Amino acid sequence: MEFKILRVDLSGLKFREEKIDDKTLRRFLGGRGLGAYLALKEIPKGANPLGPENKLYIMSGPVTGTAEGFEAGRTHFVGKSPLTGLIGESNMGGRFAPWMRRSGYDAIVLEGKADRPVWISVINGEPRFHDASKLWGRGVHHAEYLIRKELGVGPKDGGVVAIGQAGENLVRYASIIHAGSRAAGRTGLGAVMGSKNVKAIFVMGDRQPEVADRERFEKGVEHLKEKIGKHPIKDALNKYGTAVLVNIINQIGALPTRNWTKGTFEKAEDISGEALAEKYLVGTRGCWGCQIKCGRLVKTDDPKWGVPEGSKGPEYETIFAVGSNWENGDLQSIIRLNHLLNDLGMDTIEFGNTVAVLMELFEKKDQLPEEKREELLKLLDGIRPLFGCPCPAMELAYRTATRNGIGEVLAQGARALADYFGCDCVAEARKMSLPAYDPRAIKSMALAYATSNRGGCHLRAYAVSFEVLGVPVKTDPLEVDPKKAKMVKEQQDFFASIDSMIVCKFNTFMTPSPEDYVDLLAGATGWDVTAEEIMEIGERIYNVERLFNVREGDPGDYLSRRLVEEALPDGPAKGETAKKALEVLLPAYYEERGWVDGKPTKETLKRLGLEEFMYII
Amino acid sequence: MAKWRIEVIEEFCKGCEICVKVCPITNLYNAGRVDKPVLRMSDRFGYQGYPVVEVVDPSKCTGCHLCDYSCPDLAIHVIKE
């Protein structure tokens, strides 16, 4: 197994190649694991996330782009997050990583800072810098179009990742966008790319990714293909996309509504995946090799909310962020905002939560101190952000991306906005606002959010799968049982390995145990791995990320006040808070992990072979 | 008074005329109240094979953003100078 990294020195405009040895690779696999390990080793303590000392790791994994039938086209980005100041990492679908491997490199690392805007192309092992002054200030759709025009390649050849105006203007939750809609959205790594003056990266080539043991690999692929192909969740995802969750989550009272003050939304039916499929869907689209094809291609009828036909439709998280969280029941406006936020290169979840906080501030403006109220009204400059009304959001999106007026404050994220006006009305963990599953109604999500290393995130442990969907076993979402701590911990470890291979997490709904991936990984790499080793690698990765946070001053495993003190007023989870879940589950979780107060102990590090980082704790 | 620059990305424009129809100054021109419109449809054909919109008199633009907020293809942008 060979892993080739292209290091891009932007300060000196030079390229350098580096190979990762087999031993290190077997400890971290690639993708998220190797990225986090390199970030911990190479990014200096206390580095400015938007300074030249931060680095951006664009990683593929050993399985990326090797076979069809399951999703292995994802790219993982790692760096220090400008939003949280802790580890920042984000996983993106599409076809970028397979093209990157075909271009001759398994990973690209951006270091330093260019003195003028550039974009980078890597074609068949030949990296080049290009002048990006003509691309600067353009949306991602136009930037990608101009890049393809300059290189003379068609829309299906090669992959582009680009940042929009938000990334250029260092909005703290700017995302990196691929193919117009696939976003490495969370933790604001687009701003890191923007701070380095890199507008876009293009990769293309015809090198085939190598597979060590073809026979065993094919066996693993066949196993996954068969298991995924005949599972009912596959059909649901294909038919309705991730938005199929809107009705399911609304029914159990966990769909955050009106800036996290309610758990059910009366117009949920109008913004559900079923409504999307019935009225606006024109096709589906999958990532590299995927047979699920959950991506939506949509159109709209209302000229007020027009998008080009075949525009990429909103995911469940976006529908929550700019839909139910604003009490907005107009699906067409959600589609349009999704298109616009992708073009500007902004994380829809964080933007939705930030604007929801702004709406609440505007609603309660009479309770603010005199000077804060005047400042808010002055910054808003006549805009009236009201719950239930999506119209001012377009203006707010442009203003945030260009940091104009109120946009200057919105660009700092939901937590910073709430702090600025002295109103604790935000739902967050580690300064990153939460995605669309209310931890008060799904108890183990409280633990999953609080212990997620990159901040409030549903993808470190997707407890919804066993609490709501019943994969692999169904549990009661309102019950606080210390056994759930073990399930969350195991899922975190498993997902860390999955993110490092890199396979899509949607595959794990149908193949929820590490045994399903043994043949695949062993075949691709030639190592004699076992299911236990896959879990151990995951645990090692999770500890490395935690060590990064501890070194940078981790604020601890917490949920913001709204979730632990304010009870849900409606729905099946009426009267519930996340307080008890945290009190019971956190100690059990630390016990499972071998941590004390959220920090790994020396024994744990020794067991996982991380002695080199003992100095941190 | 603020100055505005209007940028049309002709490769993205599919000639739907929404921006021309919503522009307040262009509507005033159609009613004979001002001497020049801000936007109009040109005789040229864009990348997608449709006639594209063109900017006639940007100095009359009031910066209301109706055109860029309503463009389905994000092909027109009003930028503050």
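About the criteria used
- Residues numbered from 1 in each chain as written.
- Chains lettered and ligands numbered in written order.
- Predicted model: local features only at pLDDT ≥ 70, side-chain atom pairs only at ≥ 80, totals over all residues.
- Heavy atoms only, no water.
- Helix = DSSP H or I, 4+ residues; strand = E, 2+ residues; numbered from the N terminus.
- Contact = heavy atoms within 4.5 Å.
- Areas by Shrake-Rupley, 256 points an atom, 1.4 Å probe, with all protein chains shown as cover.
- Lys, Arg positive; Asp, Glu negative; His and termini not counted.
- Charge placed at Lys NZ, Arg CZ, Asp CG, Glu CD.
- Phe/Tyr/Trp six-rings, centres within 6.5 Å; stacked < 30°, edge-to-face > 60°.
- Lys NZ or Arg CZ within 6 Å of the ring centre and 35° of its normal.
- Pairing = 2+ DSSP bridges.
- Axes fitted to C-alpha atoms, helices over the stretch in contact; angles between N-to-C directions.
- Parallel < 35°, antiparallel > 145°, perpendicular 65-115°, else oblique.
- Nonpolar A, V, L, I, M, F, W, Y, C, P; charged D, E, K, R; others polar.
- Core = buried A, V, L, I, M, F, W, Y, C linked by side-chain atoms within 4.5 Å.
- Buried < 20%, exposed > 50% of the residue type's maximum accessible area, 1.4 Å probe, protein only.
- 1 Å grid on protein atoms, 1.4 Å probe; cavity = no way out; pocket = protein on both sides within 12 Å on 5 of 7 lines; lining within 4 Å.
- Points joined across faces, edges and corners; volume = space filled by probe spheres on them.
- Domains from an automatic or database assignment.
- Buried area = accessible area lost by both parts, 1.4 Å probe.
- Salt bridge = Lys/Arg side-chain N within 4 Å of Asp/Glu carboxyl O.
- Polar contact = N/O pair within 3.5 Å; in protein donor to acceptor, adjacent residues only side chain to side chain.

**Description of the overall build of chain B**
Link 1 in the chain: Helix and strand counts for chain B come out as three helices and four strands.
Link 2 in the chain: When the helices and strands of chain B are placed in sequence order, the string is β-α-α-β-β-α-β.
Link 3 in the chain: Principal-axis analysis of the C-alpha atoms gives chain B an extent of 35 × 25 × 20 Å.
Link 4 in the chain: The long-range fraction of contacts in chain B, counting pairs at least 24 apart against all pairs at least 6 apart in sequence, stands at 58%.
Link 5 in the chain: As displayed, chain B offers around 4,500 Å² of accessible surface, 53% of which is attributable to carbon and sulfur atoms.
Link 6 in the chain: In chain B, 10 positive and 11 negative side-chain charges are present, and the distance between their average locations comes to 6 Å.

**Section: the packing of aromatic side chains**
Residue and element names in this part refer to chain A.
Link 1 in the chain: Under the definition given, this model contains 18 aromatic pairs over all chains.
Link 2 in the chain: Here a set of aromatic residues connected by ring pairs shows up, and it is made of Tyr 316, Tyr 437, Tyr 462, Phe 506 and Phe 509.
Link 3 in the chain: Its guanidinium or amino end placed over the ring of Phe 421, Lys 372 lies 6.0 Å from that ring's centre, counting from NZ or CZ.
Link 4 in the chain: Over the face of the ring belonging to Phe 548 we find Arg 551, whose NZ or CZ atom lies 5.2 Å from the ring centre.

**What about the sheet that holds strand 9 (residues 159-162) of chain A?**
Residues and elements named next belong to chain A.
Link 1 in the chain: A sheet is described by the order of its strands in space; here six strands give the open sequence 8-7-12-9-10-11, paired in mixed fashion. Whereas interior strands pair on both sides, the edge strands pair on one side only; in this sheet they are strand 8 (126-131) and strand 11 (182-184). Neighbour-to-neighbour, the strand axes of the sheet open up by a mean angle of 20 degrees, direction not taken into account.
Link 2 in the chain: When strand 7 (residues 118-123) meets strand 12 (residues 198-204), the two strands line up parallel, connected through six bridges. Residue Ser 121 lies in a different strand from strand 12, and its bridge partner there is Phe 202.

**Some thoughts on the packing of helix 2 (residues 31-42) of chain A against helix 20 (residues 483-501) of chain A**
Residue and element names in this part refer to chain A.
Link 1 in the chain: Close contact between helix 2 and helix 20 brings their axes to 4 Å; oriented N to C, the two are set at 95 degrees. On the basis of the axis angle, helix 2 is roughly perpendicular to helix 20. Contacts between helix 2 and helix 20 involve Gly 31, Arg 32 and Gly 33 from the first element and Phe 495, Ala 496, Asp 499 and Ser 500 from the second.
Link 2 in the chain: A breakdown of the residues in the contact of helix 2 with helix 20 according to their chemical character gives two nonpolar, three polar and two charged.

**Considerations on the nonpolar core**
Residues and elements named next belong to chain A.
Link 1 in the chain: Ranked by size, the top nonpolar core spans 173 residues in total, and within it Phe 70, Met 346, Tyr 437 and Leu 559 carry the most contacts.
Link 2 in the chain: Among the elements that line this core, the one with the most residues is helix 23 (residues 531-551), at 10 residues.
Link 3 in the chain: Every residue in contact with Leu 559, bar those within four places of it in the chain, is listed here: Glu 428, Ala 429, Leu 434, Pro 439, Ala 446, Tyr 449, Ala 450, Val 564, Ala 578 and Leu 582.
Link 4 in the chain: If you look at the next biggest cluster of nonpolar residues, it comprises 42 residues, including Leu 6, Val 8, Leu 135 and Ile 176.

**Quick notes on empty space enclosed by the protein**
All names here are of chain B.
Link 1 in the chain: Going through the model one piece at a time under the given rule, you end up with two cavities of 30 Å³ or more.
Link 2 in the chain: There is about 120 Å³ of room inside the largest cavity.
Link 3 in the chain: The wall of the largest cavity is formed by 17 residues, among which Cys 13, Cys 16, Glu 17, Cys 19 and Cys 71 lie closest to the centre.
Link 4 in the chain: Of all the secondary structure elements, the ones that give two or more residues to the lining of the largest cavity are helix 1 (18-22) and helix 3 (66-70).
Link 5 in the chain: Taken together, 13 residues line the second largest cavity, and the ones lying closest to its centre are Cys 23, Pro 24, Cys 61, Cys 64 and Cys 67.
Link 6 in the chain: Of all elements in the fold, only helix 2 (24-30) and helix 3 reach the threshold of two or more residues within the lining of the second largest cavity.
Link 7 in the chain: Among the residues making up the lining of the second largest cavity, the classes are represented as 10 nonpolar, three polar and no charged.

**Quick look at the sheet that holds strand 14 (residues 295-298) of chain A**
Residue and element names in this part refer to chain A.
Link 1 in the chain: Spatially, 13-14-15 is the arrangement adopted by the three strands of the open sheet, whose pairing is antiparallel. Only two strands of the sheet have a single neighbouring strand rather than two, namely strand 13 (281-285) and strand 15 (311-312).
Link 2 in the chain: Here four bridges tie strand 13 to strand 14, and the two strands are oriented antiparallel to one another. Residue Leu 281 lies in a different strand from strand 14, and its bridge partner there is Val 298.

**Description of the domain arrangement of chain A**
Residues and elements named next belong to chain A.
Link 1 in the chain: Domains assigned within chain A are domain 1 (3-204), domain 2 (246-425) and domain 3 (437-616).
Link 2 in the chain: One C-alpha centre belongs to domain 2, the other to domain 3; they are set 27 Å apart.
Link 3 in the chain: Here domain 2 meets domain 3 over a buried area of about 1,700 Å², counting both sides, of which 61% is carbon and sulfur.
Link 4 in the chain: Inspection of the region where domain 2 meets domain 3 yields two salt bridges.
Link 5 in the chain: A salt bridge links Arg 562 to Glu 360; the nearest nitrogen and oxygen atoms lie 2.9 Å apart.
Link 6 in the chain: Here domain 2 is connected to domain 3 by 10 residue pairs in polar contact (both at pLDDT 80 or more).
Link 7 in the chain: For the side of domain 2 that touches domain 3, the elements supplying multiple residues, two or more each, are helix 9 (245-251) and helix 11 (316-322).
Link 8 in the chain: Counting residues per element, the side of domain 2 that touches domain 3 draws most heavily on helix 9, at three residues.

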